[in-house]
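# Results of the structural survey
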Amino acid sequence: MKVSIIDYGAGNLPSVERALRSLGAETECVTSPGKIATARALILPGVGHFSAFVAGLRERNLAATLHDAIARGVPILGICLGLQAMFTASAEALGEQGLDLIHEVVQVLPTNVKSPHIGWNQLRRLRESVLLREISEDAYFYFAHSYAAAASEPHTAAACDHGFPFAAVVEQHNLMAVQFHPEKSGEVGSRVLRNFLEWAQ
Amino acid sequence: MTLARRIIPCLDVDAGRVVKGVEFAGLRDMGDPEELAARYNSEGADELILLDITASRDGRATFLETVSRVAQQVNIPFTAGGGIRRLQDGNAVLRAGADKITVNTAAVARPELISELAAQFGSQAVVLSMDVKNTHAGWEVFVRGGAESSGRDAVAWAREGVSRGAGEILLTSIDRDGTCSGFDCELTAKIAATVPVPVIASGGANTFDDFLAVFTDGRADAGLAASIFHSATHSIPALKKFLAERGVPVRMPMRPLGNSTR
């Protein structure tokens, strides 16, 4: 199937593209509202600063089309900053508006733990998860972030603990997102992407 | 649920080949970077680091090609560095497919470089590499591959680097590097206690016990080694099994349940 990767100018696109292609998916990088409007499945990748993300979306006029696509039920997977972007706002750039699909604010990791949270960590399942299908409970995933959204019902399917329990896997209807990098999480991460593709089909 | 301690093989790259530096006696060829990267990726390495040790200007393009070829081989994070002096250098390495960049000598000469890179690419992409030697003045930072003293105190430099936005510290003990006498746990613990970011210990790894010591006494978040992995003295799965049996949280290489696509 064809997956459209949203390129807002600050993403880690090549590794995400490569990972999807290795699973047999066709990929295209989209930078315009028109391309998003016709997409069958979307990936919102991201590394870097929350404000760079917001600025990138604004410059390309992508937010409204993205909202429409999600409202129509188009499957979307946010990765890392792409997860955080789905929230109302982030402590990383207060005053900037996120996509506001989940009405909560992304927080900074507390000072009693190492930050950035860099490395491989495990998850705690809160409920049945589409993205974690066929993945063992003790699997490790690669994280690299300094901000996180508190794990909470109903959006969080799996949490990770680092300073506080945060949303590692978000699943809310057609809106899915992971705080870790599936494209950098070895075979286990590849399985997460495959689960998304199969579910989006 | 615990953050795993990482095992990181390091590839020193010269003219498109992985080499081992033997002081004042030239470089020994250790293999092809793509082949080694693919091997470590499948053996359960948690990350890879590629360091450009070429001095020449035209060696730069060759290194970027190597980064790009290695990127095709791995689905784990990898860091590349060596000779990054400006924002454009960092950008080129990241565009070639690396997830993070390391800076060393150029950051000591101009610490603003760290701030610029972190502002552009995020702290999670900036690793401050520091080569440290125990001198009469204390723990001192050396530059130019450990050849020249910078006059900077290691603890103060680590602190400054992190305050400028470095997201990790790659800490190499010059005293231990190449000696096979184990990591410098005292130095590592000192830096790990100073900065709020992960510390990757490097220099001196020889035995499984050296890794155990650096994760316990040294409080390291990751342990790096080169030749002991290249020469297959130690396998990564065996090292991880050893550590897991002794209570160190490590990520055991595993495949998802069910049928894989491959």
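Check the entry above for the structure.
What comes next concerns the included structure. (Residues numbered from 1 in each chain as written. Chains lettered and ligands numbered in written order. Predicted model: local features only at pLDDT ≥ 70, side-chain atom pairs only at ≥ 80, totals over all residues.)

Below, the discussion takes up the overall build of chain B. When its secondary structure is counted, chain B shows 10 helices and 12 strands. Here the C-alpha atoms of chain B give a radius of gyration of 17 Å, agreeing with the 18 Å that 2.2 N^0.38 yields for 262 residues. Structurally, chain B occupies a C-alpha span of about 55 × 40 × 40 Å along its principal axes. Intrachain contacts of chain B at a sequence separation of at least 6 include 64% that bridge at least 24 residues. (Helix = DSSP H or I, 4+ residues; strand = E, 2+ residues; numbered from the N terminus. Rg over C-alpha atoms; globule rule 2.2 N^0.38 Å. Contact = placed C-beta atoms within 7 Å.)

A count of helices and strands for chain A gives 6 helices and 13 strands. In terms of C-alpha radius of gyration, chain A reaches 15 Å, essentially the compact-globule figure of 17 Å for 201 residues. Counting only C-alpha atoms, chain A reaches 45 × 40 × 30 Å along its principal axes. Scored against the burial criterion, the 201 residues of chain A give a buried share of 57%. Taking contacts inside chain A between residues at least 6 apart in sequence as the whole, the part at least 24 apart equals 69%. (Buried ≥ 20, exposed ≤ 12 C-beta atoms within 10 Å, placed from the backbone.)

Our focus in this paragraph is the sheet that holds strand S8 (residues 124–125) of chain A. Read across the sheet, 8 strands follow the order S2-S1-S3-S4-S13-S12-S11-S8 (chain A) without closing on themselves; strand pairing throughout is mixed. Pairing within the sheet leaves two strands with one partner each, and these edge strands are strand S2 (26–30) and S8 of chain A. (Pairing = 2+ DSSP bridges.)

What follows deals with helix H1 (residues 13–21) of chain A. Along H1(A), the positions that sit buried rather than exposed are Ser15(A), Val16(A), Ala19(A) and Leu20(A). Across the axial projection of H1(A), the buried residues extend over an arc of 135°, all falling on one side. As for H1(A), its buried residues are in contact with strand S1 (2–6), S2, strand S3 (42–44), strand S4 (76–79) and helix H6 (186–200) of chain A together with helix H2 (59–73) of chain B. (Arc of directions from axis to C-beta.)

This part covers unusual backbone geometry. Residues and elements named next belong to chain A. Residue Pro116 follows Ser115 across a cis peptide bond; omega there is 5°. A cis amide bond links Glu153 with the next residue in sequence, Pro154, at an omega value of -5°. By the element assignment, Pro154 lies in the loop between strand S10 (147–148) and strand S11 (156–162).

Below, the discussion takes up the packing of helix H1 (residues 33–43) of chain B against H2(B). Axes are the key here: two packed helices are described by the angle between their axes and the distance separating the axes. Residues and elements named next belong to chain B. Between H1 and H2, the least distance of the axes is 9 Å, while the angle of their chain directions is 30°. On the basis of the axis angle, H1 is roughly parallel to H2. Between H1 and H2 the crossing geometry is right-handed. On H2, the residues touching Pro33, Glu34, Ala37, Ala38 and Asn41 of H1 are Thr66, Arg69, Val70 and Gln73. Of the residues contributing to the contact of H1 with H2, the split by class is 4 nonpolar, 3 polar and 2 charged. (Axes fitted to C-alpha atoms, helices over the stretch in contact; angles between N-to-C directions. Parallel < 35°, antiparallel > 145°, perpendicular 65-115°, else oblique. Left-handed = near helix turned anticlockwise from the far one by under 90°. Nonpolar A, V, L, I, M, F, W, Y, C, P; charged D, E, K, R; others polar.)

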